Each structure stands twice: as C-alpha cells, then as structure tokens.
Amino acid sequence: MSSASYRIVALPGDGTGPEVIREGRKVLDALAENGPAPWRVEEHPGGAQYYQKTGRELEPETLSAAKSADAILLGAVGWPGASLPNGDLAGGALVLGMRQNLDLYANVRPCKLYPGVVHRIGKAYQKVWAPESVDMVIIRENTEGLYTPARGRLRRAEETEVAIDTRVITRKGAERVIRYAFELARKRPRGAPEDGAHRVTCVDKSNVLEGCRFFRETFDRVGQEYPNIERDYAYVDAFTQWLVRQPEHYDVVVSTNMMGDIITDLASALQGGMGFAAGGNIGDAHAMFEPVHGSSPKYAGKNQVNPTATFAAVEMMLRWLGERHSDAGLIQQADRLDRAVAKTLADGAARTYDQGGTVTTSGAGDRVAAAVRAEPR
Ligand code: IPM
Ligand code: MN
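Our subject in this report is the structure included herewith.

Conventions and cut-offs
- Residues numbered from 1 in each chain as written.
- Chains lettered and ligands numbered in written order.
- Predicted model: local features only at pLDDT ≥ 70, side-chain atom pairs only at ≥ 80, totals over all residues.
- Heavy atoms only, no water.
- Helix = DSSP H or I, 4+ residues; strand = E, 2+ residues; numbered from the N terminus.
- Buried < 20%, exposed > 50% of the residue type's maximum accessible area, 1.4 Å probe, protein only.
- Contact = heavy atoms within 4.5 Å.
- Areas by Shrake-Rupley, 256 points an atom, 1.4 Å probe, with all protein chains shown as cover.
- Lys, Arg positive; Asp, Glu negative; His and termini not counted.
- Charge placed at Lys NZ, Arg CZ, Asp CG, Glu CD.
- Polar contact = N/O pair within 3.5 Å; in protein donor to acceptor, adjacent residues only side chain to side chain.
- Near = heavy atom within 4 Å.
- Nonpolar A, V, L, I, M, F, W, Y, C, P; charged D, E, K, R; others polar.

**Concerning the overall build of the protein**
When helices and strands are tallied, the protein shows eleven helices and 14 strands. Projecting the C-alpha coordinates of the protein onto the three principal axes gives extents of approximately 60 × 55 × 50 Å. Across the 377 residues in the protein, those meeting the buried criterion constitute 54%. The long-range share in the protein, meaning contacts at least 24 apart out of those at least 6 apart in sequence, stands at 74%. When the accessible surface of the protein is totalled, it reaches about 16,200 Å², and 50% of it is carbon and sulfur. For the protein, the centre of its 46 positive side-chain charges and the centre of its 48 negative side-chain charges are spaced 2 Å apart.

Structure (structure tokens):
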C-alpha cells in the first residue's frame, strides 16, 4: 500500500452538480472504511451561479488549487440566463477553461451498458441493447477543432452581418489524441464485443472537410505503429446509425472535438442515458473527471437525478491515479466501486426517475455506499 496522499479538488458547480458530488464523496468515504484511502478532497466554489453572485466564475485560488491538485472532480456548470458579457456560457471557465489551461487534450468517455439498466425510448422503459454488446470508449479531442477560440462576429452599425467559428486541426493536437486512442486500445483486455478485435475507429467527415482529411492521415500514420490494432473508419453521419444498430462493432473510437461532443451524447443512450455517462478530461500533467450530464436546472434541489455517472467518474479518477502512480491499492478501490455499482444496477436497487424508478439521488448514493461496504477488499 502506498503512503502517498492524493489531493483531489472537487468543483461541484451548478444545479444538480453539488447533489451528485455529495454522493460521489459518500462512496469515497465508504471505500475508505475498509480499504486504502490515500486521498483527501477539498471543495471549491465556482460556476454560473457563483458568477451571478460574485461576478467571477471562480477565484484565482481555485485555478491554482486545480493546477496543483493530483486530480479534479467536476460536478456540472451552467445556469439559465447566466452568461458572460461576451455571450459565453457562465461557468465555462470550469469546463472549457480547465480543458485549455491544463491542456486536457483527451476527453475519454466510456460507453458501457450494465445489466439491469433500461433505456427510456419514448415513454417506455425497455431493454433495447444487450449489455454484452455495448462496451466501447469514445475519445474526443478536447482542445481544438470547432472549439478553438478563433471566432467572432462582424457587426455593421450594431447589426450582426457575419458570425464565424474557425475549425482548427493541428498536427500535434490530432497526433496526441489519436495516440491516446491506440494506447488505450492496446491496454483494453477484451477488444470489441463483436469479435474481440482490438480496433480503433476514426470518426470524421474526411469526404468533405480538409481538417478531417488531415485527421485521418494522422490516424493512419500513427496507427501504423500499432500493427496489432485494427484501423477502422466511419464518416460521422453514417457512424451515428451504425453506433445505434451495431454497437458491438466498437472498441475504441476517436474523433474531433465537436463531432465527439455529439456522438458521445448519442452513445449515452446505449448505456441507459446521460445519468450513466462519465468522462475524463486527460492531459499529460493533469486530469479532470466529470459526469457528462450537466447541471440539469429543472431537477436542481430536487434530490432526483441519477448519481451513477458521478460514481463512474470517481471510479475513472481512482483508476487514473492508481495507474499514474503505480498504486495497486487505488486500482483495487476502483474495482470495488465498479463491482458495487454493477451489483446495485443489476438488482435494480437504485433506480432513479430516469430509469422509471423512485429512488432519490441520496437514496441511490446510500445503496451504492452500502454495496461498497459489502465488497471484499
Ligand atoms: C460536454 C459539454 C460541454 C462541451 C459544454 C458544457 C461546454 O457539452 O462536456 O460535452 O460542449 O464540451
Ligand atoms: Mn456535450
């Protein structure tokens, strides 16, 4: 067991962010009760609601705390009506700002369907996809593409005439995220559910866009260094239907920023909805983990949303820390948490409203915490 202590900076943020982070901390505490717990969590305020109160999205100390932390755990940001004077999303400093400032270039979004989870399609709760056919990781480039801050408006006499967003694909940006995808594919034990192949699928629009053509060339160049990993290709439009109709084909998927944003929300439907979707924003020196669902203003303060995505984010964080610091105890804790979440989902004990259930956010947290305590170390 390592004697190190990892500093985790938690940024609960807006809306339901604080509610799910509270449950995330609850399961961390449960893990600590009978296993190594070399972490301490410090919370910092920030986000859109904080901006409305103070005129600042976050304090300078929070940015420096995040920079010196071993890992960051983000809740969610965004609040209706809260925007910066230039029109940008208030609270964006915690998400987009951190991605840029800490150079978190790979947005890693696992899409795995656990037994017991149902899909809401229309008004019905159904089992549509088989758990054994959905187990992929989508890697989204996280620092450039259409999110490059090279945008603006041309105004004439206060009237907007033109609005421009510039999509930038760089050699370095493409290469490092693609390499991340191949390295991950090398490490994943099982490969694609369909055939066990270790496969990386490049999702782009290279039949039209120059940046995508460059992204795909880079994919082929980097991919040649990984002869045991199959290179697979999909245009993003076709990909959306293949993803839904044959998810078992996919192992690791890599795409550019905006396309990755869109396809990961679609993919979340395969894992039961946004209540299950977690992401890691990962760079060479820093990492930030988050539930992807956002602040859900409609549900804020109602103790209703599904905290599973936050448990998955906590699990990713422990695993990332464990791998980075060769700390087997942390990896065991991540495994315990994963088993506890899987058990709770399998017996339907923690079904929140999005699953057609009535369990509250804190009730789901209590049940997963109990399952964690029941897990052997
Ligand atoms: C996400 C979110 C963010 C994004 C928003 C909140 C800026 O949609 O993490 O996918 O667009 O990247
Ligand atoms: Mn998104």
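Having put the structure on the table, let's press on.
**Description of the side chain of R140**
Note that R140 resides in strand β7 (residues 135-141). Overall, the relative accessible area of 1% leaves R140 in the buried class. A distance of 3.3 Å separates a polar atom in the side chain of R140 from a polar atom in the side chain of Y147. Sequence-distant contacts of R140, defined by excluding residues within four places in its chain, comprise R99, Y105, A106, N107, R109, Y147, V177, S255, T256, N257, G260 and D261.

**Here we look at the site of ligand 1**
Surrounding ligand 1, one finds L96, R99, R109, R140, Y147 and D261. For ligand 1, an oxygen atom lies 2.8 Å from a polar atom in the side chain of R109. Y147 places a side-chain nitrogen or oxygen 2.6 Å from an oxygen atom of ligand 1. Protein contacts shield 74% of the accessible area of ligand 1, which totals 320 Å² for the unbound molecule. For the shell around ligand 1, a count of residues per class yields two nonpolar, no polar and four charged.

Shape descriptors only; they carry no functional weight alone.
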